[in-house]
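# Examination of the molecular architecture
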Amino acid sequence: MTEINTGQTEHIDMLKDFLGEERIKNIICLESTGSTNLFLKDLSKDSATQGTVVIADEQTKGRGRLGRSFESPKDKGLYMSYLMKPKVSAENAVRITAWTAVAVCNAVKTVCKADPGIKWVNDLILSGKKFCGILCEMSLGEKKGQISDVIAGIGINVNGDINDLSEDIRYKATSLKAETGRAQDRIRLAAEIIKELDSMCLRSSGKTEDYLKAYKKYSIMQDKEVYVRKTEAIRGDNDLIRDPGKDDLLKHAHVIGINDDFSLLVRYDDGSTESLDSGEVSIRGMHGYI
Ligand code: BTN
């Protein structure tokens, strides 16, 4: 790929120390962009290859799951997108998202000496609060039911303080700095995530039970009392906390566990069970975020 790193050459130099000359050829570091996922999507229409990475110091239109926005204050977080070209069918695509969560947890453990957990489907948490969100956006290939590209977008609140975020998400947000008591090196963390994702992509068509096992180990969902909210009902977190009883699309449930296809198995109050697919629902704890 031609050199299109715009500006952030010091990041590239640091990444080179961790990843080597060859690997950084398809890593792009930007000072600011709307969304690294969208930036990479545009590149992938041309000739971007598997493993192409876009990292930004700031996003002005960061995208979250289920159509939400993702706050991305300048120099506080790690906002990165990684291009994958997995050979999986669309129905197995959810695995990629879950594996990415495992890869990021592994990297956070290694670099920050922290002990993260996964709130299904792929919010990463510390002390019951979210410090990282993952958004995997997929494009279908020409062959029916086959995926061509996955853009895995990872947003980590690395060195942010609570005041860097808007008031309505403060109750559920934290940062790696707040949880570990020291500022963390964003670029060192980016490098470790890239290593983890490179190795994940190499293994994606081979033995993958390890990722399922690791996902279940990181998961904090077991036996949680939660509210299940179908996508049509999503309006904002506060609706849920204020008056869940009035929303018929909101259902109280007990989490039985994670199924082998990464869906969430829950039991409702009437005794019925359901396996929830990540694209359709949002989960909230009974007393707040989890
Ligand atoms: C979520 O928590 O809802 C998912 C958030 C994903 C945010 C990341 S930041 C890098 C990438 N670019 C985006 O616009 N979104 C993802």
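Owing to the predicted nature of the structure, the values given are computational and were not obtained by experimental measurement. (Residues numbered from 1 in each chain as written. Predicted model: local features only at pLDDT ≥ 70, side-chain atom pairs only at ≥ 80, totals over all residues. Heavy atoms only, no water.)

## Regarding the nonpolar core
Rules: The criterion is simple. A nonpolar core is a set of buried Ala, Val, Leu, Ile, Met, Phe, Trp, Tyr and Cys residues joined through side-chain atoms within 4.5 Å. A simple rule labels every residue: compare its accessible area, found with a 1.4 Å probe on the protein chains alone, to the largest value its type can have, and call it buried under 20%, exposed over 50%, or partly exposed in between. Secondary structure elements follow DSSP: runs of H or I no shorter than four residues count as helices, runs of E no shorter than two count as strands, and numbering proceeds from the N terminus. We call two residues in contact when some of their heavy atoms are within 4.5 Å.
Judged by nonpolar contacts, the single largest core of 70 residues is most densely connected at Leu 15, Ile 156 and Leu 189. The element that contributes the greatest number of residues to this core is helix α3 (residues 94–112), accounting for twelve residues. Leave out the neighbours within four places in its chain, and Leu 15 touches Gly 20, Ile 24, Ile 27, Cys 29, Ile 55, Ile 187, Ala 190 and Ala 191. Residues Leu 40, Leu 43, Val 54 and Ala 56 belong to the second largest nonpolar core, which totals nine residues.

## Regarding the sheet that holds strand β8 (residues 225–230)
The following threshold applies: At least two DSSP bridges between two strands are required for those strands to pair. Fitted lines through C-alpha atoms serve as axes, helices being fitted only where they are in contact, and the angles separating the N-to-C directions of these axes extend from 0 to 180 degrees.
Pairing is antiparallel across the open sheet formed by five strands, whose spatial order is β11-β10-β9-β8-β12. In this open sheet, the two edge strands, each paired with only one partner strand, are β11 (273–276) and β12 (281–285). Strand after strand, the sheet turns through a mean of 45° between neighbouring axes, direction not considered. The pairing of strand β9 (residues 250–258) with strand β10 (residues 264–268) spans five bridges and is antiparallel. When the bridges of β10 are listed, Gly 257 appears paired with Leu 265.

## So, the site of the ligand
Here is the rule we go by: Any residue with a heavy atom positioned within 4 Å of a molecule or strand is treated as near that molecule or strand. For this analysis, a polar contact is any N or O atom pair within 3.5 Å, provided that within protein one partner can donate a hydrogen and the other can accept it, and provided that sequence-adjacent residues contribute only side-chain to side-chain pairs. The protein chains shown are the only cover counted for residues, whose accessible areas, like all others here, come from Shrake-Rupley with a 1.4 Å probe. Gly is put with the polar residues, along with every residue not named as nonpolar or charged; the nonpolar set is Ala, Val, Leu, Ile, Met, Phe, Trp, Tyr, Cys and Pro, and the charged set is Asp, Glu, Lys and Arg.
Ser 35, Gln 59, Arg 63, Arg 65 and Lys 130 are the nearest of the 19 residues found near the ligand. In the environment of the ligand, an oxygen atom lies 2.7 Å from a nitrogen or oxygen atom belonging to the side chain of Ser 35. Computed on the free molecule, the ligand has an accessible area of 410 Å², of which 97% lies beneath the protein chains in the complex. With four residues, the single largest contributor to the shell around the ligand is strand β6 (residues 129–140). For the shell around the ligand, the class distribution of residues is five nonpolar, ten polar and four charged.

## A look at helix α6 (residues 186–203)
Selection criterion: Any helix carries an expected span of 1.5 Å times its number of residues minus one.
Between the first and last C-alpha of α6 there are 26 Å, a value that for 18 residues agrees with the 26 Å anticipated at 1.5 Å per step. Where α6 is concerned, the buried positions are Arg 186, Ile 187, Leu 189, Ala 190, Ala 191, Glu 192, Ile 193, Ile 194, Glu 196, Leu 197, Met 200 and Cys 201. Looking at where α6 begins, the residue whose side-chain oxygen comes 3.0 Å from the main-chain nitrogen of Ile 187 is Asp 185.

## Here's the deal with the side chain of Arg 23
The topology assignment puts Arg 23 in the loop between α1 (9–19) and β1 (27–30). Apart from the residues lying within four places of it in its own chain, the contact partners of Arg 23 are Gly 51, Val 53, Tyr 82, Ile 194 and Asp 198.

## Notes on the packing of aromatic side chains
For any pair of aromatic rings, geometry is given as the distance between the ring centres together with the angle between the planes. Our working definition: Ring pairs are drawn from Phe, Tyr and Trp, using the six-membered ring of Trp, whenever the two centres fall within 6.5 Å, and their geometry is named by plane angle: stacked under 30 degrees, edge-to-face over 60, tilted for the rest. Two thresholds decide whether a charge sits over a ring: the Lys NZ or Arg CZ must be within 6 Å of the ring centre and within 35 degrees of the ring normal.
Following the criterion strictly, the structure yields two aromatic pairs and no others. Note on Trp 99 and Tyr 211: the rings are 5.6 Å apart at their centroids and 40° apart in plane angle, and the pair reads as tilted. With Trp 99 in helix α3 and Tyr 211 in helix α7 (residues 209–218), this residue pair connects regions lying 112 residues apart in the sequence. The exposure classification of Trp 99 matches that of Tyr 211, with both residues buried. Where Tyr 215 meets Phe 262, the ring centres are 5.2 Å apart and the plane angle is 85°; that geometry is what we call edge-to-face. You can see Tyr 215 sitting in helix α7 and its partner Phe 262 sitting in the loop between β9 and β10, a full 47 residues away along the chain. We classify Tyr 215 as buried; its relative accessible area is 1%. Between the NZ or CZ atom of Lys 251 and the centre of the ring of Tyr 268, over which it lies, the distance is 4.1 Å.

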